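Tertiary structure, described
Residue-level listing of the chains:
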Amino acid sequence: MFETDRLILRAFRESDWEYILKLWNNPTTQRFLWLDYVTPRGDKFVKDVLKPGMENATLYVIITSKDKRQANGEGEVMGYCEMAIANPKNREGHLEIGLLPEWQGMGYGTEALRFVVDHGFREFQLHRMSLGVLEGNAAARAVYTKMQVPKFAEFWICANDIAWLRFTVDLKRRAGGGR
Ligand SMILES: CC(C)(COP(=O)(O)OP(=O)(O)OC[C@H]1O[C@@H](n2cnc3c(N)ncnc32)[C@H](O)[C@@H]1OP(=O)(O)O)[C@@H](O)C(=O)NCCC(=O)NCCS
């Protein structure tokens, strides 16, 4: 379980599906997470898409609030963040993040992602991290642009309407002990 200033990033548990599906069933949020048609998503989507994605991820965290508590005393579920390392040899992690609409626009996405990116570089010894941003997702692009991780960041446009962002660690600085 990881902590940032305002968040606890904990492991997934079955009761979280309710929140994850709520997130995916917001049309705007789904539109920014998914290239396919925007439609209501239920158990089949969990089984065919979400669960395999989660199982393939090297790091999958549920983002919860430190301040706002559920009835059981645990932090309210805000969303998720995952990192998949498709080919460990290449030391590249691929990121995905989603927050429930009521938690968007308050800096939580930036806070969670800063932690996960830093964790990937420090603990998993990755050299690069990437993510895809769908056209029109201005909030996501703003977050990734302002993150100011002590690494190089570059955007480039790919097929369809996706812009790919890749954070690249500065290996010379790492070799010299800098971060
Ligand atoms: C993308 C997402 C993770 C960002 O997290 P967040 O907590 O909402 O973002 P933050 O509050 O940290 O930052 C949002 C930034 O976008 C800016 N922003 C929001 N809407 C904007 C717009 N239409 N145009 C330009 N900038 C915009 C905000 O001003 C803010 O920047 P600032 O802090 O410099 O003012 C979250 O909004 C989300 O889950 N969206 C739906 C799913 C999604 O898009 N996932 C990412 C797929 S790449």
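Residues numbered from 1 in each chain as written. Predicted model: local features only at pLDDT ≥ 70, side-chain atom pairs only at ≥ 80, totals over all residues.

Quick word on the overall build of the chain
Looking only at helices and strands, one finds six helices and eight strands in the chain. Moving toward the C terminus, one meets the helices and strands of the chain in the order β-β-α-α-α-β-β-β-α-β-α-β-β-α. By residue count, 21% of the 179 residues in the chain fall in the buried class. In the chain, 60% of the contacts between residues at least 6 apart in sequence involve partners at least 24 apart. (Helix = DSSP H or I, 4+ residues; strand = E, 2+ residues; numbered from the N terminus. Buried ≥ 20, exposed ≤ 12 C-beta atoms within 10 Å, placed from the backbone. Contact = placed C-beta atoms within 7 Å.)

Quick word on helix α1 (residues 17-24)
The set of residues buried in α1 consists of Ile 20, Leu 23 and Trp 24. Projected down its long axis, α1 carries its buried residues within an arc of 95°, all on one side. Along its buried surface, α1 packs onto α2 (27-33), α3 (43-56), β4 (75-84) and β5 (92-99). (Arc of directions from axis to C-beta.)

Section: the nonpolar core
Ranked by internal contacts, the top residues of the largest apolar core, which has 26 residues, are Ile 63, Cys 81, Ala 112 and Val 116. At the level of elements, β2 (7-10), α1, β3 (59-69), β4, β5, α4 (108-122) and β6 (128-134) are the ones that each hand at least two residues to this core. Apart from residues no more than four positions distant in its own chain, Val 116 is found in contact with Leu 59, Cys 81, Met 83 and Leu 95. (Core = buried A, V, L, I, M, F, W, Y, C linked by C-beta atoms within 7 Å.)

Regarding α4
When the terminal C-alpha atoms of α4 are compared, their 21 Å separation across 15 residues agrees well with the 21 Å that a helix rising 1.5 Å per residue should span. Buried within α4 are the following residues: Gly 109, Ala 112, Leu 113, Val 116, Val 117, Gly 120 and Phe 121. Each buried residue of α4 lies within a common arc of 160° when the element is viewed along its axis, so the set occupies one face. (Expected span 1.5 Å × (residues − 1).)

Details of the site of the ligand
As a structural note, the neighbourhood of the ligand is formed by 23 residues, with Phe 32, Gly 109, Thr 110, Ala 138 and Ala 142 the closest of them. Elements with a minimum of two residues in the shell around the ligand: α2, β5, α4, β6 and α5 (138-146). The leading source of residues in the shell around the ligand is α5, at six residues. In terms of residue class, the shell around the ligand is built from 13 nonpolar, nine polar and one charged. (Near = placed C-beta within 6 Å. Nonpolar A, V, L, I, M, F, W, Y, C, P; charged D, E, K, R; others polar.)

What about the confidence of the model for the chain?
Per-residue confidence for the chain gives a mean pLDDT of 87, with 84% of residues at or over 70. Least confident of the elements in the chain is helix α6 (residues 171-175), whose mean pLDDT is 55; most confident is β2, at 98. (pLDDT = per-residue confidence, 0-100.)

Examining the environment of Val 46
Looking at the element boundaries, Val 46 is found in helix α3. Separated by 25 residues in sequence, Val 46 and Leu 21 have C-alpha atoms that sit 8.0 Å apart. Discounting chain neighbours no more than four positions away, the residues touching Val 46 are Trp 17, Leu 21 and Lys 51.

Some points on the pairing of β2
Residues of β2 alternate between two faces, with Leu 7 and Leu 9 buried on one and Ile 8 and Arg 10 left unburied on the opposite face. By the bridge criterion, two bridges tie strand β1 (residues 2-3) to β2 in an arrangement that is antiparallel. In the sheet register, Phe 2 faces β2, and the bridge partner there is Leu 9. The pairing of β2 with β3 spans four bridges and is antiparallel. Bridge assignment links Ile 8 to a residue of β3, and that residue is Thr 64. (Pairing = 2+ DSSP bridges.)

Let's talk about unusual backbone geometry
In this structure, Arg 91 takes a positive phi of about 50° despite not being glycine. The residue Arg 91 is located in the loop between β4 and β5 in this model. One non-glycine residue, Gln 125, lies in positive phi territory at about 55°. Looking at where Gln 125 falls in the secondary structure, it is placed in the loop between α4 and β6.

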